[in-house]
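# Coordinate analysis (summary)
Okay, here's what each chain looks like letter by letter:
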Amino acid sequence: MEYRYRDASEMKDSGVEWIGQIPSDWTISRIDKEFNVRNEKVSDKVYPPLSVTKQGILPQLDNVAKSDNGDNRKKVCVGDFVINSRADRKGSCGVSIYNGSVSLICNVLTPKRLHPQYVHSLFRNYYFSEEFYRWGSGIVDDLWSTNIEKMKKINIPIPMDKEDEKIANFLDKKTSQFDSIISKKEVLIEKLEEAKKSLISEVVTGKVKVVKTADGYDLVKRSSDEMKDSGVEWLGEIPKNWEVNKFKYVAYNTNSKVKTNSVDNYIGLENVESKTGKLLSYGSSKDIESDMSTYFDCNSVLFGKLRPYLAKCIVTETTGICSDEFLVLKSKKLLSTVLKYIMLDAYFIDLVNSSTYGAKMPRVNWDFISNMKIPVMDMEEQLLIKNFIDDRKTKIDTIINKTKLQIEKLKEAKQSLISEAVTGKIEVLN
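First things first, this report covers the structure right here in the doc. (Residues numbered from 1 in each chain as written. Predicted model: local features only at pLDDT ≥ 70, side-chain atom pairs only at ≥ 80, totals over all residues. Heavy atoms only, no water.)

## Let's talk about the sheet that holds strand 24 (residues 301-304)
Sheets are built from strands that pair by backbone hydrogen bonding, the pairs being arranged parallel or antiparallel. This is how it is decided: Think of it this way: DSSP has to see at least two bridges between two strands before they count as a pair. Think of it this way: any DSSP run of H or I at least four residues long counts as a helix, any run of E at least two long counts as a strand, and we number them from the N terminus. Each axis is a line fitted through C-alpha atoms, taken for helices only over the stretch in contact, and angles between the N-to-C directions span 0 to 180 degrees. Between two residues, a contact is recorded if the distance between any of their heavy atoms is within 4.5 Å.
As summarised here, the arrangement of the 4 strands in space is 20-27-24-25, forming an open sheet in which the pairing is antiparallel. Every interior strand has two partners, whereas the edge strands, strand 20 (251-253) and strand 25 (313-315), have only one. Averaged over all pairs of adjacent strands, the angle between their axes in this sheet comes to 25°, without regard to strand direction. Bridging between strand 24 and strand 25 involves 3 bridges; their strand directions are antiparallel. Looking at strand 25, one finds that F303 is bridged to C313. Along the sheet, helix 7 (residues 336-343) contacts strand 20, strand 24, strand 25 and strand 27 (326-331); its crossing angle with strand 25, the most-contacted strand, is approximately 175°.

Have a look at this one:
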């Protein structure tokens, strides 16, 4: 479908800040003039529960908190627009393709004349989301909300001569094209992450050997004659010149404490990226209530005890304090970076995760990890392993980061096109 940007002479001021200019033949109307409010109370035993998400209206997700009051919900019909009224769920809305029920905190509206998919795009665009938030009230984000009486007063653009249907069809096609490209790039990232994980695993468990070449590093698959049974299930076979040691003979848990206000750098679990060995940022120690905190020095290995399947493990580059949910390890026989890569190995993480205690907040204890057996190789091979993985990981991460940036730009272009279409900045020609 073709489109063009309208000339300034074809536009007029809407008088509404979030909308800006609209075509001369379009009008402005309040939500209460264009929608009926649906307030019918129903049971989720009759009307299946739905989740109101940033991806739209979906059958209730498995990971959401379930209400104990399933008989006191709002009815939703196909074609209804539903939006979560709470500010901490900003952007969670959409037109439903399901009959069902939602929480009472949601506003449910039925369009009188506007095409449902036009409504879907109009209300899910960034500028409406900000306007909806502006009409709210409350103390903090999880209490700040926009009730239906306030929402009904919001002004929206009204296309003429069934242009809303043309816009809906246009955006359906264009956004599908954007989503297809984005999906392919997301699959590429997943494959690159898997390749990186597999590469690290093969190297740190000795299935392949790192050799120095004139151009850098290369990998050579070891023959069966070079291998021996490690006696450790998660490791399998390892090179004959490698050893297997209990973790506690390779590294120790420091358990060192210092005054909270004596060190600047703080690392919480939220500051470490899952499965990548990357520190995202330093956090703030101002919210720590205890006078004493866990200390780490440079070249320590931090490993997250809480939900170990998240694989939060880094090597520190400075001194600081961290959450008590980290093990702070100092290596005795392995380079810290090599130890980190071993601990990020998927098989290692699976074994650690299988030992956790606590159903809702699973944690691993040091006693279990300290008795796990891990591979140890000579220092020359450790340096080759470290340098190779660092080099390949950097190259793969560079491609991943470029692809992520492309995805962000595609998402921005998609949102810009939606915003321009629903407010008439562009005209759909056919």
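Moving on from the coordinates now.
## Brief notes about the sheet that holds strand 26 (residues 320-322)
On the basis of which strands lie adjacent, the open sheet formed by 4 strands has the order 21-23-26-22 and mixed pairing. What marks the edges here is a single partner per strand, and that holds for strand 21 (257-259) and strand 22 (266-267). Pairing of strand 21 with strand 23 (residues 292-296) involves 3 bridges; the strand directions are antiparallel. Considered in strand 23, the bridge of V258 is made with S293.

## Some details on the layout of surface pockets
One way to see where empty space is left: roll a probe the size of a water molecule over the atoms. To keep things clear, this is the line we draw: Buriedness for pockets is judged along seven lines, at least five of which must meet protein on both sides within 12 Å for an open set on the 1 Å grid over protein atoms alone, while cavities are sets there where a 1.4 Å probe fits but cannot get out, and lining residues have an atom within 4 Å of a point. Grid points are joined across faces, edges and corners, and a volume is the space filled by probe spheres set on the points. Each residue is assigned to one of three groups, with Ala, Val, Leu, Ile, Met, Phe, Trp, Tyr, Cys and Pro labelled nonpolar, Asp, Glu, Lys and Arg labelled charged, and all others, Gly among them, labelled polar.
If you add up the space inside the largest pocket, you get close to 720 Å³. Forming the walls of the largest pocket are 21 residues, and the residues nearest its centre are K54, R124, K414, Q415 and I418. Residue assignment for the lining of the largest pocket shows that the elements contributing at least two residues are helix 2 (116-124), helix 3 (126-134), helix 5 (163-204) and helix 10 (379-422). With 6 residues, helix 5 is the largest single contributor of residues to the lining of the largest pocket. The residue inventory of the lining of the largest pocket, partitioned by class, reads 4 nonpolar, 10 polar and 7 charged. For the second largest pocket, the calculated volume is near 540 Å³. Lining the second largest pocket are 23 residues, and of these E193, K196, S274, K275 and T276 sit closest to its centre. The set of elements that each furnish at least two residues to the lining of the second largest pocket consists of helix 5, helix 8 (346-353) and helix 10. Broken down by class, the residue content of the lining of the second largest pocket amounts to 8 nonpolar, 3 polar and 12 charged.

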